[in-house]
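# An overview of the molecular structure
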There are 2 protein chains.
Amino acid sequence: MKIITDIKAMQKKADELRAIGKKIGFVPTMGFLHEGHLNLIREAKKRCDTTIMSIYVNPTQFGPDEDLDDYPRDFDRDCSLAEKEGCDIIFHPDSKQIYPDNYLTYVEVEDITSVLCGASRPGHFKGVTTIVTKLFNIVKPHVAVFGQKDAQQAIVIKKMTRDLNLDIDIVVAPIVREKDGLAKSSRNTYLSGDEREQALVLNQSLKMAEKEIKSGERNAEKLKSAIVDLITRQPDAVIDYVEIVEADTLAPVTIITNEVLIAFAVKIGRTRLIDNIVVQV
Amino acid sequence: MKIITDIKAMQKKADELRAIGKKIGFVPTMGFLHEGHLNLIREAKKRCDTTIMSIYVNPTQFGPDEDLDDYPRDFDRDCSLAEKEGCDIIFHPDSKQIYPDNYLTYVEVEDITSVLCGASRPGHFKGVTTIVTKLFNIVKPHVAVFGQKDAQQAIVIKKMTRDLNLDIDIVVAPIVREKDGLAKSSRNTYLSGDEREQALVLNQSLKMAEKEIKSGERNAEKLKSAIVDLITRQPDAVIDYVEIVEADTLAPVTIITNEVLIAFAVKIGRTRLIDNIVVQV
């Protein structure tokens, strides 16, 4: 496995791969890899000849009071895990190269970035769409794989890709969960043993809501209340948002008539966790 | 010469050209071609194997009270002129395909888009950087050629290209002028005979300012006043802005110590014209 840190070198490598007809699959990550990320590599490998993973903790998607400095990092472990999974290249750029002095250009998707996580993390998706555009221009992939865990991010990236005519297939891979149902996340490492236990309510509440819909419940407000009630029974759980929206457009839903995304962000102690489920009716 | 109107067909053609090692040169225009545009084709042809010109009057770079509907168009004449100049492909997309319903994504360069033309045309450069990003992703050029006539546009596009890591060489071709000095522009067609005569003051005032700098004048305010005085002697000339700024960064200049851009926008009757000169000291 090759590690590339220089932008021009990465572009040159991508050109070389394309010139010999290789199909490039791309997995952008912030590192501290878990099974969810490794599954993204597997999805890329299914579809492409060469798999490139970027590991870069992107400062522009963190708010001023967020966990940029504390975000867990372990580059050596990441490399060893990615290599074992058959990743071909790690792109690991330096922040000074990605955002040099006097950096001025941003990509923004309007409307669908101001709800859900966008409402509680202003500027977050502007940072995400900007870095993803930059990484696409550097890695030049045919296919890019994102995780359903960040459901809104996946929808925003798909919309941006379509709107900007980026000639890249966006693949969204399913959420990978621990055996007890907790969605895998680099941030799970922040949880104490007791918080880890309380966090199980997140997946449980999604399962409960899915069951209710399957049994005929169509009232989104009622379902949201039931989720809030269940989650807030945990002593250290503070809800950021619980939303039920159209799965494609993130438009608010009152009466469920179509496929919906149930998504939330909840703080367990000091750790903000997100989870979601798509339910077909 | 081939005419392509479909986005996917253009991307496929670009892929084919790249696969056989052809270097693609791109000239984005809004059509109604004049000698200035044809010179951009020549600059592209010098550097590349295949030259692609886009002809598309981009609605998002026009303000609500601007001349989008009246902007001059003559597609057949454009094709014949471009073909004579050796252009290989015209990309002529439909607006519905470029901005479909529920279009949401924009590219913005901050700071340097809020001065000069950006100050009098809010949103203009957001429209320019968005359409240019889209066209870059559709045409997939190695080299793109812009005209120095739109000096601020060229600087904004260069900044965007660098910031977003677009792997494209931006070439800026010199202003092409009529024999009497008026900068070529599709909008010159709006001018009456008398206005056309009055518009000569634009180039004359730039020449005057250049001569003053070469003779030792370093006071930017004094120079701006001299330009304003000269232009406003014409009965139908109304100044939008006159600025003297650093040629690379568009930062304001008080005392001229380095290369400067002298740029202005002036209405002659109802026609807004721009012109500029870069002066080395």
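Small disclaimer: the values here were computed from a predicted structure and weren't measured. (Residues numbered from 1 in each chain as written. Chains lettered and ligands numbered in written order. Predicted model: local features only at pLDDT ≥ 70, side-chain atom pairs only at ≥ 80, totals over all residues. Heavy atoms only, no water.)

### A few points about the pairing of strand β10 (residues 271-279) of chain A
Residue and element names in this part refer to chain A. Among the nine residues in β10, seven count as buried, and that is most of the element. By the bridge criterion, nine bridges tie strand β9 (residues 260-268) to β10 in an arrangement that is antiparallel. Residue pairing across strands places Ala 265 opposite Ile 274, the latter belonging to β10. What sits between β9 and β10 in their antiparallel hairpin is a turn of two residues, with Gly 269 showing a positive phi close to 65 degrees. (Buried < 20%, exposed > 50% of the residue type's maximum accessible area, 1.4 Å probe, protein only. Helix = DSSP H or I, 4+ residues; strand = E, 2+ residues; numbered from the N terminus. Pairing = 2+ DSSP bridges.)

### Points about the relation of the copies chain B and chain A
When chain B is brought onto chain A, the operation consists of a screw motion whose angular component is 180 degrees and whose axial shift is 0.0 Å, with 0.0 Å RMSD remaining. When the rotation and shift are considered jointly, the pair of chain copies conforms to a two-fold rotation axis. Distance from the rotation axis, computed per C-alpha, reaches its smallest value in chain B at Val 107 of chain B: 2.2 Å. In this assembly the copies share their binding face: 100% of the residues contributing to the interface of chain B also contribute to that of chain A. (Least-squares fit on C-alpha atoms with pLDDT ≥ 70 in both. Contact = heavy atoms within 4.5 Å.)

### Quick look at the domain arrangement of chain A
Residues and elements named next belong to chain A. Under the domain assignment, chain A is made up of domain 1 (2-173) and domain 2 (186-275). Residue-level contacts link 21 residues of domain 1 with 15 residues of domain 2. Per-residue buried area on domain 1 facing domain 2 is highest for Leu 116, Lys 149 and Ile 155; these three make up 36% of the total on that side. Joining domain 1 to domain 2, the criterion identifies one salt bridge. Salt-bridge contacts for Arg 187 lead to Asp 67; the nearest nitrogen and oxygen are separated by 2.8 Å. (Domains from an automatic or database assignment. Buried area = accessible area lost by both parts, 1.4 Å probe. Salt bridge = Lys/Arg side-chain N within 4 Å of Asp/Glu carboxyl O.)

### Digging into the interface of chain B and chain A
Listed by partner, the interface residues are 27 residues for chain B and 27 residues for chain A. Here chain B meets chain A over a buried area of about 2500 Å², counting both sides, of which 44% is carbon and sulfur. There are 24 residue pairs in polar contact (both at pLDDT 80 or more) connecting chain B and chain A. Here the residues of the side of chain B that touches chain A are counted per class, giving 11 nonpolar, six polar and 10 charged. Two strands pair when backbone bridges link them, and strand β5 (residues 105-109) of chain A and strand β5 (residues 105-109) of chain B are joined in this way by five bridges, in the antiparallel orientation. Across the sheet, residue Glu 108 of chain A finds its bridge partner in β5 of chain B, namely Tyr 106 of chain B. (Polar contact = N/O pair within 3.5 Å; in protein donor to acceptor, adjacent residues only side chain to side chain. Nonpolar A, V, L, I, M, F, W, Y, C, P; charged D, E, K, R; others polar.)

### A word on the packing of aromatic side chains
Applying the stated criterion to the full structure yields 10 aromatic pairs over all chains. Here Tyr 99 of chain A and Tyr 103 of chain A contribute two aromatic rings whose centre-to-centre distance is 5.1 Å and whose plane-to-plane angle is 90 degrees, an arrangement assigned as edge-to-face. On the numbers, 6.4 Å between centres and 75 degrees between planes, the contact of Phe 136 of chain B with Phe 146 of chain B is edge-to-face. Here Phe 146 of chain B lies in strand β6 (residues 143-147) and Phe 136 of chain B lies in helix α6 (residues 124-139), a separation of 10 residues in the sequence. Overall, the relative accessible area of 3% leaves Phe 136 of chain B in the buried class. Given a relative accessible area of 3%, Phe 146 of chain B falls into the buried group. (Phe/Tyr/Trp six-rings, centres within 6.5 Å; stacked < 30°, edge-to-face > 60°.)

### Here's the deal with the sheet that holds strand β4 (residues 89-91) of chain A
All names here are of chain A. The sheet built from six strands is open, its strands ordered β1-β4-β3-β2-β6-β7 with parallel pairing. Looking at the sheet topology across the chains shown, the edges are occupied by β1 (2-4) and β7 (169-173). When strand polarity is set aside, the average angle formed by the axes of neighbouring strands in this sheet is 25 degrees. The pairing of strand β6 (residues 143-147) with β7 spans five bridges and is classified as parallel. Bridging across to β7, Val 145 finds its partner in Val 171. Contacts from helix α7 (residues 151-163) reach β6 and β7, with the element oriented near 170 degrees to β7. (Axes fitted to C-alpha atoms, helices over the stretch in contact; angles between N-to-C directions.)

### What to know about the packing of helix α9 (residues 200-214) of chain B against helix α10 (residues 220-231) of chain B
All names here are of chain B. Running from amino to carboxyl end, α9 crosses α10 at an angle of 150 degrees, the nearest separation of the two axes being 9 Å. With respect to their mutual orientation, α9 and α10 come out roughly antiparallel. At the point where α9 passes α10, the crossing takes the right-handed sense. Mapping the contact onto sequence places Val 201, Leu 202, Gln 204, Ser 205, Met 208, Ala 209, Glu 212 and Ile 213 in α9 and Leu 223, Ala 226, Ile 227, Leu 230 and Ile 231 in α10. Class assignment for the residues of the contact of α9 with α10 results in 10 nonpolar, two polar and one charged. (Parallel < 35°, antiparallel > 145°, perpendicular 65-115°, else oblique. Left-handed = near helix turned anticlockwise from the far one by under 90°.)

### Looking at the pattern of salt bridges
In total, this model carries 38 salt bridges over all chains according to the counting rule given. Notably, a salt bridge pairs Asp 15 of chain A with Lys 140 of chain A, separated by 2.8 Å at the nearest N-O pair. Placement of Asp 15 of chain A in helix α1 (residues 7-19) and of Lys 140 of chain A in the loop between α6 (124-139) and β6 is noted, with a sequence separation of 125 residues between them. On the basis of relative accessible area, Asp 15 of chain A is assigned to the partly exposed category, the value being 31%. Among the ionic pairs, Glu 217 of chain B bridges to Lys 222 of chain B, the shortest N-O distance being 3.6 Å. On the basis of relative accessible area, Lys 222 of chain B is assigned to the exposed category, the value being 53%. Overlapping salt bridges bring together Asp 15 and Lys 140 of chain A together with Asp 167 of chain B as one network.

### Section: the side chain of Glu 43 of chain A
All names here are of chain A. Along the chain, Glu 43 falls in helix α2 (residues 35-47). Separated by 2.8 Å, the side chains of Glu 43 and Arg 47 make a polar contact. Discounting chain neighbours no more than four positions away, the residues touching Glu 43 are Val 145 and Ala 173.

### A few points about the confidence of the model for chain A
On average, residues of chain A carry a pLDDT of 97, and 100% of them reach 70 or more. This prediction of the complex comes with two scores: 0.97 for pTM and 0.96 for ipTM. (pLDDT = per-residue confidence, 0-100.)

### Regarding the sheet that holds strand β3 (residues 50-55) of chain B
Residues and elements named next belong to chain B. In space, the six strands of this open sheet follow the order β1-β4-β3-β2-β6-β7, with parallel pairing throughout. At either margin of the open sheet sits one strand with a lone partner, and together these are β1 (2-4) and β7 (169-173). When strand polarity is set aside, the average angle formed by the axes of neighbouring strands in this sheet is 25 degrees.

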